[in-house]
Amino acid sequence: MPAVFTDPSTTGYHTPGHPEAPFRVAKSADRLKAAGHRLLAPERPGDDAAILRVHTQRHIDSVRSGDYQDADTPHYTRIDAIARTSLAGALSASARALAGEPAFSLMRPPGHHAARERVAGFCYFNNLAIACSEFADKRVAIVDVDVHHGDGTEDWAFGKENVSFVSLHQAPLYPGTGLQTRGNCRNVPLEPGTGEARYLKALEQAIEGTLSFKPELLAVSAGFDTYKECPLAQLRLEKGTYKRLGRLLAETKLKRFAVLEGGYADDLPLLIENFLDGFFG
Ligand SMILES: [Zn+2]
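Residues numbered from 1 in each chain as written. Predicted model: local features only at pLDDT ≥ 70, side-chain atom pairs only at ≥ 80, totals over all residues. Heavy atoms only, no water.

Caption draft 1: Just the state of the cysteines, in detail. Scanning the entire structure with this criterion turns up zero disulfides. In this structure cysteine 230 is not part of a disulfide, and its nearest cysteine sulfur, from cysteine 123, lies 14 Å away. Residue cysteine 230 is classed as buried on the basis of its relative accessible area of 5%. (Disulfide = S-S within 2.5 Å. Buried < 20%, exposed > 50% of the residue type's maximum accessible area, 1.4 Å probe, protein only.)

See the structure below:
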């Protein structure tokens, strides 16, 4: 039975006016529960041993102390503990996936902009990369469907023989990278205004390319900021697009998990529900 990992403590930070707000998890959890999803607390800790597979000790220290400069990604007293809970959700979801159950981590902060020694773009630890790094002996395919390029994840994935990475994202847009494919990291920049038909076609092609890599595990950076009403970007996906998107990923029949990245519109809870309708299959 598919599982959704979440934790109410991840709503425990916010700066007024910042789009990465507590409702993203709180309201989505309520909605998924009402829709009959099984909501579970994380089953794995987000500990130093896991984080150090992707980040440095210096990075861990700076998330704890706030000794870094990034206006988008403020330091909060509790952010170290909360970011570890978010990571714990990703680790729990990947473990479930490998055991044969599709899973979703409904947590914040997101992770895909966090690099080895850098917080960025609302991200502190790279939850997805850390989860994938546990399976160095497995062939892991990462599909990043957030509207922003998954630059932190690509930094980690680049050159790894057992990892394939593909990111579909709007360009031009923050962080400005991901304009070209390099090695095992494929990038699909999409023009502002791209709608469902063009988007799903590009995703189908991306998945096809990913399958030729013969992955044993599919890891999805699930951003919902591709939505037409998202205040931070200009793609034009509809509410119903997310079910189709989830279904395309499910049709791979791969063991799979997804983690929440971006998505800032009021409709986020519905978009996630639609996505899981397809993704859990
Ligand atoms: Zn994003």
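Caption draft 2: Inspection of the pairing of strand E5 (residues 163-170) at higher detail. Burial analysis of E5 places eight of its eight residues in the buried class, the great majority of the element. Across the two faces of E5 the burial is the same, with Val163, Phe165, Ser167 and His169 and Ser164, Val166, Leu168 and Gln170 all buried. As paired elements, strand E4 (residues 140-144) and E5 share five bridges and run parallel to each other. When the bridges of E5 are listed, alanine 141 appears paired with serine 164. Considered for its hand, the β-α-β crossover made up of E4, helix H6 (residues 151-157) and E5 is right-handed. Note that E5 and strand E6 (residues 185-190) share six bridges and pair parallel. What sits directly across from serine 167, in E6, is asparagine 187. (Helix = DSSP H or I, 4+ residues; strand = E, 2+ residues; numbered from the N terminus. Pairing = 2+ DSSP bridges. Right-handed = clockwise from strand over helix to strand, strands pointing away.)

Caption draft 3: Summary view of the side chain of threonine 252. With respect to the secondary-structure elements, threonine 252 resides in the loop between helix H8 (241-250) and strand E8 (256-260). For threonine 252, a relative accessible area of 13% corresponds to the buried category. Of the polar contacts made by the side chain of threonine 252, one reaches the backbone oxygen of leucine 249; its length is 2.6 Å. (Polar contact = N/O pair within 3.5 Å; in protein donor to acceptor, adjacent residues only side chain to side chain.)

Caption draft 4: Focus on the packing of aromatic side chains. The final tally for this structure, using the stated rule, is seven aromatic pairs. With 5.1 Å between their ring centres and 55 degrees between their planes, tyrosine 13 and tyrosine 76 make a pair best called tilted. Linking tyrosine 13 in the loop between strand E1 (3-6) and helix H1 (23-34) with tyrosine 76 in the loop between helix H3 (57-65) and helix H4 (79-98), this pair joins segments that are 63 residues apart in sequence. Assigned by exposure class, tyrosine 13 and tyrosine 76 land together as buried. Among the aromatic side chains, those forming a connected cluster through ring pairs are Phe104, Phe224, Tyr242, Phe275, Phe279 and Phe280. The cationic tip of arginine 108 hangs over the ring face of tyrosine 13; the distance from NZ or CZ to the ring centre is 3.9 Å. The side chain of arginine 139 reaches across the aromatic face of phenylalanine 213, ending 4.2 Å from its centre. (Phe/Tyr/Trp six-rings, centres within 6.5 Å; stacked < 30°, edge-to-face > 60°. Lys NZ or Arg CZ within 6 Å of the ring centre and 35° of its normal.)

Caption draft 5: Just the nonpolar core, in detail. In this structure, Phe104, Leu245 and Phe275 are the most contacted members of the largest nonpolar core, which totals 43 residues. Beyond its immediate stretch of four places on either side in the chain, leucine 245 contacts Val145, Tyr199, Leu200, Leu203, Leu237 and Phe275. Within the second largest apolar cluster, 40 residues are counted, among which are Val63, Tyr76, Ile79 and Ala90. (Core = buried A, V, L, I, M, F, W, Y, C linked by side-chain atoms within 4.5 Å. Contact = heavy atoms within 4.5 Å.)

Caption draft 6: Expanded view of the layout of surface pockets. Of the volumes computed, that of the largest pocket is approximately 180 Å³. Looking at the lining of the largest pocket residue by residue, the classes come out as seven nonpolar, five polar and four charged. (1 Å grid on protein atoms, 1.4 Å probe; cavity = no way out; pocket = protein on both sides within 12 Å on 5 of 7 lines; lining within 4 Å. Points joined across faces, edges and corners; volume = space filled by probe spheres on them. Nonpolar A, V, L, I, M, F, W, Y, C, P; charged D, E, K, R; others polar.)

Caption draft 7: Highlighting the packing of helix H7 (residues 196-211) against H8. Contact pair H7 / H8: the axes reach a minimum separation of 10 Å and the direction vectors enclose 10 degrees. Considering the angle they form, H7 stands roughly parallel to H8. The crossing of H7 and H8 is right-handed. Facing Glu196, Tyr199, Leu200, Leu203, Glu204 and Ile207 of H7, the residues of H8 in contact are Thr241, Arg244, Leu245, Leu248 and Leu249. Of the residues contributing to the contact of H7 with H8, the split by class is seven nonpolar, one polar and three charged. (Axes fitted to C-alpha atoms, helices over the stretch in contact; angles between N-to-C directions. Parallel < 35°, antiparallel > 145°, perpendicular 65-115°, else oblique. Left-handed = near helix turned anticlockwise from the far one by under 90°.)

Caption draft 8: Fine view of the coordination of the zinc ion. Protein-derived ligands of the zinc ion are Asp146 (OD), Asp146 (OD), His148 (ND1) and Asp225 (OD), with the metal-ligand distances lying across 1.9 to 2.8 Å. Here the zinc ion binds four donor atoms, and the angle range of 52 to 152 degrees at the metal identifies the geometry as irregular. (Donors = N, O, S within 2.8 Å, 3.2 Å for Na, K, Ca; no water. Tetrahedral: all angles 85-135°; square planar, octahedral: opposite > 155°, others 65-115°.)

Caption draft 9: Inspection of empty space enclosed by the protein at higher detail. On inspection of all chains with the given rule, the structure shows two cavities of 30 Å³ or more. Each pocket or cavity is described by its volume, and for the largest cavity that value is around 50 Å³. Forming the boundary of the largest cavity are Tyr13, His14, His18, Glu20, Asp72, Thr73, Pro74, Tyr76, Arg108, Phe122 and Tyr124. Of the residues contributing to the lining of the largest cavity, the split by class is five nonpolar, three polar and three charged. One number sums up the size of the second largest cavity: a volume of about 40 Å³.

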